[in-house]
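Structural overview for review
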Amino acid sequence: QVQLVESGGGLVQAGGSLRLSCAASGRTFSSYAMGWFRQAAGKEREFVAAISWSGGSTRYGDSVKGRFTISRDNAKKMVYLQMNSLKPEDTAVYYCAAGATSWYEYDYWGQGTQVTVSS
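Anyway, here's the lowdown on the structure attached to this text.

Digging into the environment of A92
As for its placement among the helices and strands, A92 is situated in strand β9 (residues 92-98). The exposure class of A92 is buried, given its relative accessible area of 4%. Expressed as a C-alpha distance, the spacing of A92 and E46, which sit 46 residues apart in the sequence, is 9.8 Å. In this structure A92 touches R38, Q39, A40, T113, Q114 and V115, once residues within four positions along its chain are discounted.

Below you can see the structure in the form of structure tokens.
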């Protein structure tokens, strides 16, 4: 059982940076892989990034690879998404996810945080 709360979203200019945080609660947090997804208005949810329980393996969606970095701190029960070189097309609601059954499938979701990138 995991509860997830995202924070750090906001308005940023193109080319800027933003760091999203996800606070997790639940006694089995360290056993879960974690991920980030996003959903832009009128579009389907899109995979952004994922990280293994140990932090030793990561995956990124093609659209963000080289610009975004996922990390986690199991002692603090936190997962982060560092977003650099932001583009207007990165505008979306970003969701934290836990309880991976694969790199792209998860059982637990946060409520999301809005990221808006202006040109």
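A word on the pattern of salt bridges
The final tally for this structure, using the stated rule, is 3 salt bridges. With a shortest N-O distance of 2.9 Å, E46 and R38 are connected by a salt bridge. On the accessibility criterion, E46 (30% relative accessible area) is partly exposed. The salt bridge partner of D90 is R67, with a shortest N-O separation of 2.7 Å. One end of the pair, D90, is in the loop between β8 (78-83) and β9; the other, R67, is in the loop between β6 (58-60) and β7 (68-73), with 23 residues separating them in the sequence. Residue classification places R67 among the buried residues on the basis of a relative accessible area of 12%. One continuous salt-bridge network, built from bridges that share partners, spans R38, E46, R67 and D90.

Procedures and definitions
- Residues numbered from 1 in each chain as written.
- Predicted model: local features only at pLDDT ≥ 70, side-chain atom pairs only at ≥ 80, totals over all residues.
- Heavy atoms only, no water.
- Helix = DSSP H or I, 4+ residues; strand = E, 2+ residues; numbered from the N terminus.
- Buried < 20%, exposed > 50% of the residue type's maximum accessible area, 1.4 Å probe, protein only.
- Contact = heavy atoms within 4.5 Å.
- Salt bridge = Lys/Arg side-chain N within 4 Å of Asp/Glu carboxyl O.

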